[in-house]
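Structural features, examined
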Amino acid sequence: MSGVLQAVLNAGGRRQIDVVISANSSNYTLTASSESGYVAGFSDITLTINAGIYVWATTRSTVALTCTGFASGDTLNIVNLGRIMGGGGFGGAGTNTGTVVPATSGGTAISLTGISPTIDNTNASAYIGGGGGGGGYGQSVPIKGSTFVAGGGGGAGGGDGGDYGSSGGAFNAGGTGG
């Protein structure tokens, strides 16, 4: 660290770092310690997600926005003008045996390690976990010589729909979540 920078920091100076997400992004990670100008314990980071921008998780087991690498004394301000969406859960599957394969829960939108941020979400934007999948229909119903069952829809955030089947095979019936 340069002597001038050390003198500024010793006098109570703080580093202001602005990070802007201006394009749709999946599984975005902000690692404070990797940002240009970062000084551990003396950095104030503002992360802005621009209006109309989506930050999403590609699966329910990944996170849409991860913030990590902070030291004690750092601050984080998230200005969310867009959408931060966890991955959607899978829809339940119906079976022709009368049982149901359960739907799964949705995923995490934001994961924070070592920091408690301020989140400005005042412009009607959202940060949401993925929706759980819809339940499957598991009763066998004979229709014109075949047995049909139905799968549930996928949860919001892109979850896959559950399967349905007939005596002739299984098909993906539940729609993908939006």
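Note that the structure is predicted; figures quoted are calculated from it, not measured.

Next up on the list: the sheet that holds strand E11 (residues 110–112). A sheet is described by the order of its strands in space; here 3 strands give the open sequence E3-E6-E11, paired in parallel fashion. If you trace the sheet from one side to the other, it starts and ends with strand E3 (28–31) and E11, each paired once. Across this sheet, the average inter-strand angle for adjacent strands is 10 degrees, counted without regard to direction. Here 4 bridges tie E3 to strand E6 (residues 65–68), and the two strands are oriented parallel to one another. Of the residues in E6, the one forming a bridge with Thr 31 is Thr 68.

Here we take up the pattern of salt bridges. Applying the stated criterion across every chain, the model contains 1 salt bridge. Close ionic contact of Asp 44 with Arg 14 constitutes a salt bridge, the shortest N to O distance being 2.6 Å. Separated by 30 residues along the polypeptide, Asp 44 in strand E4 (residues 43–49) and Arg 14 in the loop between helix H1 (3–10) and strand E1 (15–21) bring together distant segments of the chain. Asp 44 sits in the buried class, given a relative accessible area of 18%.

A few words now on unusual backbone geometry. Of note in this structure, Asn 27 is not a glycine but carries a positive phi near 50 degrees. With respect to the helices, strands and loops of the structure, Asn 27 is situated in the loop between strand E2 (25–26) and E3.

This next bit is on the nonpolar core. Ile 45, Leu 47, Leu 65 and Leu 76 are the most contacted members of the largest nonpolar core, which totals 22 residues. If you list the elements that add at least two residues to this core, you get E1, E4, E6 and strand E7 (75–80). The residues touching Leu 76, leaving out its near neighbours within four places in the chain, are Leu 30, Ile 45, Leu 47, Cys 67, Phe 70, Ile 115, Pro 117 and Thr 118.

Moving on, we get to the environment of Asp 44. In this structure the C-alpha to C-alpha distance between Asp 44 and Asp 18, which are 26 residues apart in sequence, comes to 8.5 Å. For Asp 44, the contacting residues outside a window of four places in its chain are Arg 14, Arg 15, Gln 16, Ile 17 and Thr 75. Polar contacts involving the side chain of Asp 44 include one to the side chain of Arg 14, which spans 2.6 Å. A distance of 2.6 Å separates a polar atom in the side chain of Asp 44 from a polar atom in the side chain of Thr 75.

Further remarks concern the sheet that holds E1. The parallel open sheet is built from 4 strands, whose spatial order is E1-E4-E7-E12. Since the sheet does not close on itself, it has two edges, and those belong to E1 and strand E12 (118–120), each with one partner. Each adjacent strand pair in this sheet contributes to an overall mean axis angle of 15 degrees, direction not counted.

Taken residue by residue, the protein chain gives an average pLDDT of 75. The fraction at 70 or more is 57%. In the model, residues 1–8 has pLDDT below 50 throughout and makes 6 contacts with residues more than four positions away in sequence or in other chains. Of the regions scoring below 50 in pLDDT, residues 164–178 engages in 51 contacts with residues more than four places distant in sequence or in other chains.

Turning to the environment of Val 20, a few remarks are in order. Secondary-structure assignment places Val 20 in strand E1. Residue classification places Val 20 among the partly exposed residues on the basis of a relative accessible area of 48%. Expressed as a C-alpha distance, the spacing of Val 20 and Asn 50, which sit 30 residues apart in the sequence, is 7.2 Å.

A few words now on the side chain of Thr 66. With respect to the helices and strands, the residue Thr 66 is situated in strand E6. A relative accessible area of 19% means that Thr 66 is categorised as buried.

Our focus in this paragraph is the environment of Asn 80. Topologically, Asn 80 is positioned in strand E7. As for Asn 80 and Thr 48, which are separated by 32 residues in sequence, their C-alpha atoms are 5.9 Å apart.

Scoring rules and cut-offs
- Residues numbered from 1 in each chain as written.
- Predicted model: local features only at pLDDT ≥ 70, side-chain atom pairs only at ≥ 80, totals over all residues.
- Heavy atoms only, no water.
- Pairing = 2+ DSSP bridges.
- Helix = DSSP H or I, 4+ residues; strand = E, 2+ residues; numbered from the N terminus.
- Axes fitted to C-alpha atoms, helices over the stretch in contact; angles between N-to-C directions.
- Salt bridge = Lys/Arg side-chain N within 4 Å of Asp/Glu carboxyl O.
- Buried < 20%, exposed > 50% of the residue type's maximum accessible area, 1.4 Å probe, protein only.
- Core = buried A, V, L, I, M, F, W, Y, C linked by side-chain atoms within 4.5 Å.
- Contact = heavy atoms within 4.5 Å.
- Polar contact = N/O pair within 3.5 Å; in protein donor to acceptor, adjacent residues only side chain to side chain.
- pLDDT = per-residue confidence, 0-100.

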